[in-house]
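The residues making up each chain are set out below.
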Amino acid sequence: MKGANAGMNGLMYIGGEWREAISGQRREVRNPATGETVGSVPVCGREDVAAAIDAAHAAFRPWADLTAQERSEPLRRAFEILVERKDEIARIMTLEQGKPLAEAKAEVLFAAEFLRWYSEEAKRVYGETIPASAPHKRILVIRQPVGVVGAITPWNFPVSMLTRKIAPALAAGCTVVLKPADYTPLSAVALFRVLEDAGFPPGVVNLVTGKGSVVGAEFLENPKLGKITFTGSTEVGKQLIEGSAKYVKRISMELGGHAPFIVFEDADLEQTVDACIASKFRNAGQTCICANRIYVQDTIMDRFAAMLAGKVKALKVGNGMEPGVDIGPLIDWEALEKVEQQVQDALSKGAKLEAGGRRYVREGLNGAFYEPTVLSHVDESMDICSVETFGPVAPLIAFRTEEEVIAKANATEYGLASYVFTRDLGRAFRVSERLEYGIVGVNDPLPSVAQAPFGGWKESGLGREGGRHGLEAFLEIKYISLGLNG
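Starting from 1, residues in each chain are numbered consecutively following that chain's sequence as written. Owing to the predicted nature of the model, reporting of local features is limited to residues with pLDDT of at least 70; listing and counting of side-chain atom pairs is limited to 80 or more, with chain, interface and lining totals taken over all residues. Think of the side-chain values as coming from all heavy atoms in the structure, minus any hydrogens and water.

**Thoughts on the overall build of the protein chain**
Thinking step 1. Elements are defined by DSSP. Helices are runs of H or I of four residues or more, strands are runs of E of two residues or more, and each kind is numbered from the N terminus. In terms of helices and strands, the protein chain carries 14 helices and 23 strands.
Thinking step 2. Its C-alpha radius of gyration of 23 Å places the protein chain within 12% of the 23 Å reference for a compact globule of 486 residues.
Thinking step 3. Seen along its three principal axes, the alpha-carbon backbone of the protein chain occupies a region of about 80 × 65 × 40 Å.
Thinking step 4. Looking at the 486 residues of the protein chain, the share that counts as buried comes to 56%.
Thinking step 5. Note on contacts: a residue pair is in contact if any heavy atoms of the two residues lie within 4.5 Å. Sequence separation of at least 24 residues holds for 73% of the intrachain contacts in the protein chain that already meet a minimum separation of 6.
Thinking step 6. Each accessible area is a Shrake-Rupley estimate made with a 1.4 Å probe; only the visible protein chains count as cover when residues are assessed. Total accessible area on the protein chain stands at roughly 19,400 Å², and carbon and sulfur atoms take up 52% of it.
Thinking step 7. Neither His nor the chain termini are counted; the positive set is Lys and Arg, and the negative set is Asp and Glu. The atoms used to mark charge sites are NZ of Lys, CZ of Arg, CG of Asp and CD of Glu. Within the protein chain, the 62 negative side-chain charges are centred at a point lying 3 Å from the centre of the 55 positive side-chain charges. The reference for a compact globule is 2.2 Å times residues^0.38; the radius of gyration itself is calculated from the C-alpha atoms. Here the term buried applies to any residue with accessible area under 20% of the maximum for its type, exposed to any over 50%, and partly exposed to those in between, with areas from a 1.4 Å probe on protein chains only.

Shown next, in the form of structure tokens:
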């Protein structure tokens, strides 16, 4: 192992035991800011995934048969332990993912909220009675857990996306096999140690690390697994949807986005610029709900662009472990090249560079860093207006009327998150209701909370995570028609 932080060697967690892969193969995990190796994890084969599914299947009925109160107790303990370990887990996250340490700590606390929320929501899986059509019958409707759940999570939020999937599944009475992203498995290992210490019975939660194609194939084809929940690219999501059709697997997924951020002339400009930075540049722009197209009413465009560029130039780029860093590295060099291509395409078609626009190079940094960038005079002919960026680039697009900007905002196959900034209450309602998105932040750049539904329309996904809606994704409905004798 290389580097001062070498030695975080994770294992898989199957049936209550920490294990190597049957093959004995391992892969290194690298720090995207420095290129140093920070640890390693096993590379599973399908037999490892099958063993995890077997363990989850054996644990399912005993776990589902517990009372809601009994299931809620380890969830609550996991919340408390995760909060206690926030500094340790945030450090692991920054080392393997790159985001600034302050952001990583905030994510750990956000992740803990899903454990706390669903520890309570477990007690609110309600049924119903329906008036019968005959006096000697009664009609009951109950909700029961779907079974073993296969979860696949992304690298950009490597702890909060885990708890957002695991917590409602466990609250509903399901058992789980989780596959984290290849870039960020060590955060998952740390979280599963929290779950182990919280007292979940063996087999209720299981962790496998390895290639997505290997894990996904076993998830799709193993009859003991009843549901797949996935967060990732729309391309991979479509492959899972196609594969699940053969076996009629239950699926829910949160896929890509291309969020419009609409600024009307009556918005508070100072607050809106700060909100734009919070949305666009958090995690170096590597979020599925960050502002991708920033529509600014033409009457305020020059002022907005100048204010935004001025504040963006002040953002500090560097290793996320350094104090005061605002922008960490992109996850890999391919991501950097994509950002560069989009910026060059926009400039070649008439965009104006207001800030940034090049790689960030500094001694001691060997990662894929890109300066936070602002482009003005952007239009729909440019790739950045249609292809998700996943990088620290803010493209500004002028508009004149409310009708025009709604049409432009909706002209995409994506429909995850959108943002509206205005002080006109009527406009806020009109635009929110007409935007074809699952989430609308009105004067709010960070709308995600544990108690509200998160998910998209169109090609941005199926189902919802968070709130009571997130629990329903792991429950089946059963109708019982009861004949009364005598």
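Right, picking up where we left off after that structure.
**Description of the environment of Pro74**
Thinking step 1. With respect to the helices and strands, Pro74 occurs in helix 2 (residues 68-84).
Thinking step 2. Considering only alpha carbons, one finds Pro74 and Ala171, 97 residues apart in sequence, at a separation of 10.0 Å.
Thinking step 3. Among all residues touching Pro74, those that are not within four sequence positions of it are Trp63, Ala198, Gly199 and Phe200.

**Some points on empty space enclosed by the protein**
Thinking step 1. Put plainly, a pocket is an open set of points on a 1 Å grid over the protein atoms alone with protein on both sides within 12 Å along at least five of seven lines, a cavity is a set where a 1.4 Å probe fits but cannot get out, and a lining residue has an atom within 4 Å of a point. Grid points are joined across faces, edges and corners, and a volume is the space filled by probe spheres set on the points. Tallied over the entire structure, the rule returns one cavity of 30 Å³ or more.
Thinking step 2. There is about 40 Å³ of room inside the largest cavity.
Thinking step 3. Residue lining of the largest cavity: Lys165, Thr229, Ser252, Met253, Glu254, Phe454, Gly455, Leu462, Gly463, Arg464 and Glu465, and that is the complete set.
Thinking step 4. For the lining of the largest cavity, the element with the highest residue contribution is strand 12 (residues 250-254), accounting for three residues.
Thinking step 5. Gly is placed with the polar residues, together with every amino acid not listed as nonpolar (Ala, Val, Leu, Ile, Met, Phe, Trp, Tyr, Cys and Pro) or charged (Asp, Glu, Lys and Arg). Each residue belonging to the lining of the largest cavity can be placed in one class, and the counts come to three nonpolar, four polar and four charged.

**Quick look at the side chain of Gln342**
Thinking step 1. Here Gln342 shows up in helix 11 (residues 333-348).
Thinking step 2. Pairs of N or O atoms are called polar contacts if they sit within 3.5 Å, as long as, within protein, a hydrogen donor faces a hydrogen acceptor (for residues adjacent in sequence, only side-chain-to-side-chain pairs). At 3.2 Å, the side chain of Gln342 forms a polar contact with the backbone oxygen of Val387.
Thinking step 3. The residues touching Gln342, leaving out its near neighbours within four places in the chain, are Asp383, Ile384, Val387, Glu388 and Thr389.

**Section: the nonpolar core**
Inside soluble globular proteins, nonpolar side chains tend to come together where they are buried.
Thinking step 1. Within the largest apolar cluster, 70 residues are counted, with the highest numbers of intra-cluster contacts made by Phe261, Ile262, Ile294, Phe304 and Leu308.
Thinking step 2. With sequence-adjacent residues up to four places away left out, Phe304 is seen in contact with Val263, Leu269, Thr272, Val273, Cys276, Ile294, Val296 and Leu396.
Thinking step 3. Core analysis: the next-biggest nonpolar cluster, separate from the first, contains 56 residues, Ala59, Ala111, Leu115 and Val159 among them. Joining through side-chain atoms within 4.5 Å is the link that ties buried Ala, Val, Leu, Ile, Met, Phe, Trp, Tyr and Cys residues into a set, and such a set is a nonpolar core.

**Observations regarding the state of the cysteines**
Thinking step 1. Here, two cysteine sulfur atoms that lie within 2.5 Å of each other are counted as a disulfide. Under the criterion given, the structure shown has zero disulfides.
Thinking step 2. The structure places no disulfide on Cys290, whose sulfur is separated from the nearest cysteine sulfur, that of Cys288, by 8.3 Å.

**Overview of the packing of aromatic side chains**
Thinking step 1. Aromatic pairs are defined between Phe, Tyr and Trp rings, using the six-membered ring for Trp, whenever the two ring centres lie within 6.5 Å; interplanar angles under 30 degrees are classed as stacked, those over 60 as edge-to-face, and all others as tilted. A full pass over the atoms with the stated rule returns ten aromatic pairs.
Thinking step 2. Aromatic pair Tyr13 and Trp18: ring centres 4.6 Å apart, planes at 40°, arrangement tilted.
Thinking step 3. An aromatic cluster is present here, built from Tyr13, Trp18 and Phe192 joined pairwise through their rings.
Thinking step 4. Either the NZ atom of lysine or the CZ atom of arginine qualifies as a charge over a ring when it sits within 6 Å of the ring centre and within 35 degrees of the ring normal. Stacked on the ring of Phe474, the Lys or Arg Lys227 has its end atom at 5.3 Å from the ring centre.

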